Amino acid sequence: MSRDAATIHPGVVAEPQLYGLLAEFSGPQELLDAAAKVRAAGYSDWDCHSPFPVHGLDKAMGVKPTILPWLVLGGGVSGIVGALALAAFCNGFDYPLIFSGKPYWGMPPHVFIAFPAMILLGAVTSVFGFMALAGLPRFYHPLFSSKRFQKVTDDGFFISISAQDPRFSVRWTGEMLRGIGATAIEEIKD
Amino acid sequence: MSTTANVKLPVDLDNTFESVIGESPLVTGDASFHGVTEVVSHVSESRHPPKAWYVGMAISLSLLGLMGVMILYELFVGVGVWGNNQPVSWGFPIINFVFWVGIAHAGTLISAILLLFRQKWRTGINRFAEATTVFAVACAGIFPAIHVGRPWLAYWLAPYPNVMRDWPNFYSPLLWDALAVGTYTTVSVLFWYTGMIPDLATLRDRATGRIKQIAYGIFSLGWRGSAKHWALLEKAVYLLAALATALVLGVSSTVSTDFAVSEIPAWHETIFPPYFTGGAIFSGFAVVLALAIPARELFGLKEVITKRHIDNLAKILLVMSSIVLYIYVIEYFIAYYSGSSFERFPYLNRLFGPYWWLGWGIMFCNGVVPQVFWFKWARNNPWLGVAVGILVNMGMWMERFTIIIISLHRDFVPSSWHMFVPTYVDICTLAGSFGLFFTLFLLFCRYIPMVAMYEVKSILPQAQVHHHEPVAVAGEAADASPEAGVAGVPTV
Amino acid sequence: MSVVEQSISSEALEGTRLDRVGPRAFALSLGTAIIAFALALLLGWRQNDGMQQFMFGYYMAWIFFFCIAAGSLYFLLLHHAFRAMWSVVVRRLAEAMAANLVLMAVLLIPILGGMHLLFSWTSASFMHTDKLLVRKLSFLNADFFTIRCIIYFVVLGGMAVFLRKRSNAQDETGSLRPLQAMHRMSRWSLIVAFWVINFVGVDFIMAIDPKWFSYVAPIYFFTMVMVSVYAALPLFASWLQTNGILQKQITKEHYHDLGKWLLAWTLFWGYIAFCQYVLIWYANMPEETGFYQRRIMGPWGVLAAVLLAVHLIIPGFGLMSRHAKRHRGVLTFWCGWILMACYLDVFWLIAPQQYINTPLGRTAGVMPTDPYHFISAAANKLLWLPLRPVAIEIDLLCLLGMGGLFLASALFMLRGRALLPVKDPRLAESLAFENY
């Protein structure tokens, strides 16, 4: 059955849907060059995969800067404010005590409360913010069905283009990927 | 350069030579991407670990058991089984606590500060050093818990509404300690784990058994090397590094306030926060050096932990030793400069009192011995490195003994002076904590990638790529657009 | 020794000499210095206090510029010892400022002459009022102080002159030998210079209040030194670029790294300052607390709060952003800001002592107050204002004069030389340096 028929009668189709195309490249430089070209060709729903962070790849792909630092800043600030408020409430307001002739609420020692609270909340935000923004954990992904794709954690460099992309077409996209230096191209079924 | 190009270098290449131009390679042997994966994954994939691993495990487990017995004994009988007395009310547990917290610092320093300093050689040892951090913090955490005598009441430290309607004292350094060490544990584990996700995915993709696949699969969170994820991961790790750098300063500084906010001479010193931090980093690096050398021999990691890594570690040890020596000497100087006999006495007591051999011993072990690393032959001799690492750690333990015991045992009033003698329970618990550390460490060596593979790959020469400005490729890309594709080129 | 050939185009080395700018700026700064010092002397003489006000102004300005010069030396030592690549393009500027240690040694002579106006430990009658002070006479006495000053400047000045000479030799011969000599020398000098700078801190900061001692005070001074240089160096570079020099060579990448170090040292300064303050605050021991008591009460307390804000909190947030460090204008602004804060730090540490040293100040300076009571603090402030001899203009004129001399001397050191180490084997790499 053709792809067009599948879109007309979605319920009837039994065969797996096409997730997209996976193209392998021979090295980081090739991947970087190819990524710039895929971007220039106007694709939007695609990704690069590499065994290590390739510097400049996000720039070549046009990935927007992440908001993670702002989240972490928010986490850190709320840590400071929360800790100071807690200390002020406990020792200064709810059960005031004089310790070694110090004022009820003295700033210098409370730095030792605010500081770790800032780091703790900042760090936790950083890790869970990363997971949330990256959509991890995600244990199933169509790409994992490819045997070839297992190399991505060893020495394989890939570009995947989703079939959802408005510019996607098996023939033309495959053509383009071959044209920009893919050494192998695979159709990935969902 | 493509990944298929194999750069074969001799495994034992001497890459420590110093040149004013360029850098020598940081990975020897098969320095291809796949080569790095093989060398590191091999450790956890081989059928049996080396024999020495079993021997080490047997010794560590027995020591761990000994520690368990000693702690149970102490819990049943009471803290009287230790050598603590009046005026030395803080004995071995606090010494051991400060000692282990100190060791923890090297991992954070290597991963965080060297990352910010763009020290590429860090990649070979950071995973390994972070592991020592996590395990050393675990050892450290035990001691304050048992020192309070009733560890099941530890939750009293937390500010929770209770029937007595009171709150913890936020002015107390002991509370700050609990917060700092708790934060340190959490952040170290998070930092360690976040940086490990891609490598766990490597083990997942290579795993043959079902159990391994599932276990590594769960912990690698479904990592698929996506560039967007890499950008996020790098940002998250960078932020964690910045936070952890601040934390390195914060934790030992907080530990030092246990002593420094008091009025006891040789405890109340404004230099204590940087002093404890410096000493902590020093002892941590010594541990990393002493462990890295046998580990690279034992597990065949000489290709990624090269002679240059050892050379650099030795140099850092030398720098830290010089800093620690500075602090020792400036302490004596300021005590003299103060003109106060109470400030001067504990220092004279260190050098000429009943514990004189400790006062001189720390100078020798921490200040003098590492100075041998001024010489290249010493840095390049691995077994000398292990010996210095061990001596420094003995010295650093003695330093904590000196600070805590010697300052306490002779206070303001001579009639209350008293000697401190540890009991067998003290000594066995200390020995047992090494059992805990090495048990965890050996398990780590066997089941977790000991070297950050993806980071090592990213510093290989063939990983250095350059992005051309998009303007330059726009013209070419037009040819690859769908319209151009129709023009009769063979289809897939 | 081999000569390393580099592929640096002659275009890349355009505008690397002072040329016409040099003599003009030299004359201007020297002229400013002469006028400013003349005015300061005149105003100081009119104070009718035996030139004490002038001496304090001069002393504070001297410390401020000593920090920059010594910091430049330490910058060079650090970057040689760790073989930093990125900083090669600013090396010559740091060399010129480090060579100013010779100038600072000459400018120290008036301070040695006017010692009795600055240091209360020079007064035997004062030192014999307290048992703790008497014990300090073995260290704090005029002869030993002079000997120490000579040692400090022989060591630091010698290092700076050595580095400058080797660097010149490298330009002339293009051989690697001078660079290797600098590398070798930096390793041990790093430790020696650290010790010397710390002891300068003991003598020039800690001993200003003879009774006070703090174990971390020498390191506090060291952080002052390091903050100063990472603020002064980008400022100097930026000023040269405004005048059309080094425009192509120093890029935002270099400013970015200098900015990172500036932020790091600023935060480290805050860390050390906090450690010192909180431990003394907490233990509250009379021989230590007095120092801070005199500096956080009355009008000085306002200054302390301002210092905390302008030296740590505001620039800490201001420099946090990547964009602030990569934008020359913004970074220059923060460098100027932090240098000002550095002077404020010196002022806050030294100036209160002047009023304490006078008989009037001795009574006012130890006046017991309740620091937590806002009203009494405000009343104190009002009471103190008329007691303070207001002569801030003398301090500022001294600062201006010393700055003129400093800049003139730095320009003199750079005359007729390329402002880049043109034959350095890592120059090409440094020119093309990029942060990632």
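None of these values were measured; they are calculated from a predicted model. (Residues numbered from 1 in each chain as written. Chains lettered and ligands numbered in written order. Predicted model: local features only at pLDDT ≥ 70, side-chain atom pairs only at ≥ 80, totals over all residues. Heavy atoms only, no water.)

### Description of the domain arrangement of chain A
No. 1: Each assigned domain of chain A is listed with its residue range as follows: domain 1 (16-62 + 140-189) and domain 2 (68-134).
No. 2: Computed from C-alpha coordinates alone, the two centres of domain 1 of chain A and domain 2 of chain A are separated by 44 Å. (Domains from an automatic or database assignment.)

### Digging into the interface of chain C and chain B
No. 1: Taken together, the contact pairs 51 residues of chain C with 42 residues of chain B.
No. 2: With both sides pooled, the region where chain C packs onto chain B buries about 4000 Å², and carbon together with sulfur makes up 69% of that total.
No. 3: Looking only at chain C, the three residues that lose the most surface to chain B are Tyr215(C), Leu279(C) and Tyr282(C), adding up to 22% of its buried area.
No. 4: Across the chain C-chain B interface, the total number found is zero salt bridges.
No. 5: Elements that contribute at least two residues to the side of chain C that touches chain B include exactly helix H7 (131-136), helix H9 (177-204), helix H10 (217-242) and helix H11 (252-283) of chain C.
No. 6: The element contributing the most residues to the side of chain C that touches chain B is H11(C), with 13 residues. (Contact = heavy atoms within 4.5 Å. Buried area = accessible area lost by both parts, 1.4 Å probe. Salt bridge = Lys/Arg side-chain N within 4 Å of Asp/Glu carboxyl O. Helix = DSSP H or I, 4+ residues; strand = E, 2+ residues; numbered from the N terminus.)

### Topic: the packing of aromatic side chains
No. 1: Across all of its chains, the model carries 90 aromatic pairs over all chains by this definition.
No. 2: Residues Phe119(C) and Phe145(C) carry aromatic rings whose centres are separated by 5.3 Å and whose planes lie at 65 degrees to one another, so their mutual orientation is edge-to-face. Of the two residues, Phe119(C) is situated in the loop between helix H5 (115-118) and helix H6 (124-127) and Phe145(C) in helix H8 (residues 142-173); the sequence distance between them amounts to 26 residues.
No. 3: We note Arg446(B) situated over the ring of Tyr447(B); from NZ or CZ to the ring centre the distance is 5.9 Å.
No. 4: Cation over ring: Arg148(C) sits above Phe144(C), and NZ or CZ is 4.5 Å from the ring centre. (Phe/Tyr/Trp six-rings, centres within 6.5 Å; stacked < 30°, edge-to-face > 60°. Lys NZ or Arg CZ within 6 Å of the ring centre and 35° of its normal.)

### Some thoughts on a nonpolar patch on the surface
No. 1: Where nonpolar side chains cluster on the molecular surface, the patch consists of Ile67(A), Trp70(A), Leu71(A), Leu73(A), Val77(A), Val81(A), Leu133(A), Leu308(C), Ile313(C), Ile314(C), Phe317(C) and Met320(C) and spans about 1200 Å² of accessible area.
No. 2: Of all the secondary-structure elements, those providing two or more residues to the nonpolar patch are helix H4 (68-94) of chain A together with helix H13 (299-318) of chain C.
No. 3: In terms of residues, the nonpolar patch owes the most to one element, H4(A), which gives five residues.
No. 4: With respect to the helices and strands, the residue Met320(C) is situated in the loop between H13 and helix H14 (322-326). (Patch = residues over 30% accessible without salt bridge, like charges linked within 9 Å, V, L, I, M, F, W, Y side chains within 5 Å. Areas by Shrake-Rupley, 256 points an atom, 1.4 Å probe, with all protein chains shown as cover.)

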